[in-house]
Amino acid sequence: MQKYIVDVEDVGSRIDAYLSKQMDLSRSKIQTMIEEKKVWVNQNPVKSSYSVKENDVVEAEEYQEEIMDLKPEKMDLDIVYEDDDLLVVNKANGVVVHPAIGNPSGTLVNGLLYHSKNLSSINGEFRPGIVHRIDAFTTGLLVVAKNNKAHESLAKQLEEKTTYRKYVALVWGIVSADTGTIDAPIGRDLNDRKKMAVTDINSKNAVTHFKVLKRFSNTTLLELQLETGRTHQIRVHMDYIGYPIVNDPVYGRRKKIDDSGQCLHAKELGFLHPTTGEYMGFTSELPPCFCQIVEQFTNS
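Here is a short report on the structure shown in this document. (Residues numbered from 1 in each chain as written. Predicted model: local features only at pLDDT ≥ 70, side-chain atom pairs only at ≥ 80, totals over all residues. Heavy atoms only, no water.)

**Things to note about the packing of aromatic side chains**
Thinking step 1. Within this structure, the stated rule accounts for three aromatic pairs.
Thinking step 2. The interplanar angle of 85° and the centroid separation of 5.5 Å between the aromatic rings of Trp172 and Phe297 together place this pair among those described as edge-to-face. One end of the pair, Trp172, is in strand E8 (residues 164-172); the other, Phe297, is in helix H6 (residues 288-298), with 125 residues separating them in the sequence.
Thinking step 3. Judged by its relative accessible area of 9%, Trp172 falls in the buried class.
Thinking step 4. One aromatic cluster in this structure is built from Tyr81, Phe271 and Phe282. (Phe/Tyr/Trp six-rings, centres within 6.5 Å; stacked < 30°, edge-to-face > 60°. Helix = DSSP H or I, 4+ residues; strand = E, 2+ residues; numbered from the N terminus. Buried < 20%, exposed > 50% of the residue type's maximum accessible area, 1.4 Å probe, protein only.)

**Brief notes about the pattern of salt bridges**
Thinking step 1. As enumerated under the stated definition, the model contains twelve salt bridges in all.
Thinking step 2. Arg215 serves as the salt-bridge partner of Asp178, at 2.8 Å between the closest nitrogen and oxygen. With a gap of 37 residues between them, Asp178 in the loop between E8 and strand E9 (179-183) and Arg215 in strand E12 (residues 207-215) connect regions that are remote in the sequence.
Thinking step 3. Through salt bridges with shared partners, a single ionic network connects Arg14, Asp16 and Arg27. (Salt bridge = Lys/Arg side-chain N within 4 Å of Asp/Glu carboxyl O.)

**Structural notes on the packing of helix H1 (residues 15-23) against helix H2 (residues 27-35)**
Thinking step 1. Packing of H1 against H2 leaves a shortest axis separation of 9 Å and a crossing angle of 115°. Where H1 crosses over H2, the two elements pack in a sense that is right-handed. Along its contact with H1, which presents Ile15, Asp16, Ala17, Leu19, Ser20 and Met23, the element H2 presents Arg27, Ile30, Gln31, Met33 and Ile34.
Thinking step 2. Residues of the contact of H1 with H2, tallied by class, amount to seven nonpolar, two polar and two charged. (Axes fitted to C-alpha atoms, helices over the stretch in contact; angles between N-to-C directions. Left-handed = near helix turned anticlockwise from the far one by under 90°. Contact = heavy atoms within 4.5 Å. Nonpolar A, V, L, I, M, F, W, Y, C, P; charged D, E, K, R; others polar.)

**Considerations on the side chain of His232**
Thinking step 1. Secondary-structure assignment places His232 in the loop between strand E13 (219-226) and helix H5 (233-240).
Thinking step 2. Not counting the four nearest positions on each side in its chain, His232 is found in contact with Asp135, Met196 and Tyr251.

**Quick word on the sheet that holds strand E3 (residues 44-45)**
Thinking step 1. The strand order E1-E4-E2-E3 describes an open sheet built from four strands, whose pairing is antiparallel. Each of the sheet's edge strands pairs with one partner strand only, and the pair in question is strand E1 (2-5) and E3.
Thinking step 2. Here strand E2 (residues 39-41) pairs with E3 via two bridges, running antiparallel. Within E3, the position partnered with Val41 by the bridge is Asn44.
Thinking step 3. H1 rests against E1, E2 and strand E4 (57-60) of the sheet, and its axis sits at about 115° to E1. (Pairing = 2+ DSSP bridges.)

**With respect to the pairing of strand E5 (residues 79-82)**
Thinking step 1. The pairing of E5 with strand E6 (residues 86-91) spans three bridges and is antiparallel. By the bridge assignment, Glu82 is partnered in E6 with Leu87.
Thinking step 2. Hairpin geometry of E5 and E6 is characterised by an intervening segment of three residues between the two adjacent antiparallel strands.

Written out as structure tokens, the structure reads:
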């Protein structure tokens, strides 16, 4: 980790320009580091456009040059819908959505590149087609754009909160309220930069609605609807109110039952088709790994 204190002469400089000078790296490389949350100012992640202030404490991870060779890979993708503009994938447990340094292969993107020659380029070379993500150990539906026009339309719907997304989760504890809303901002955890947390510091608003589907002896099956789409939103919100996701390796606070992945499934997805304007709705059944854990509590 490299640490810098901003002098008065650098006040007002963009953080990417400031670090480019300090670390002798191109601004594009610095911007990549910022996007990957490898740069912090006063212990908070920032955007590339952030203007530094006198005595700001800037921290940056050591830059490691690593060339990723993104290759198509034959994968058994569960594609539930496809046309010239988009496809909807039912993602399996353990599959990372896109490659990154140290994890260049075996991702959904590698499989998509083998399946289709046409994917949008808006999110860059290593995220072709990717409009939104779900965690590696979360299963279920996500939409992929096959051209930039479709990508822009789908991304706008996500930004304007008109996309319909419903999840099912098994959480520890008995949720007493039949329905509820969690309205709590989410940002980077100040004590662990790899985690997210409910915080008022450098955060974004986050809203999750929930409904109880079934109560067991010490767990509850919930249906959750996202109003916003922050990183790890459901996992963070449920942990925040004291009902962490069963089998969550990061926010679970309890011993994992097995290695089959956290009990969180993106069950329903809806949006307006970017070309026809028609409403498209999709549903995915709970995967076997999720059902087997639920069954343990059903029979307990």
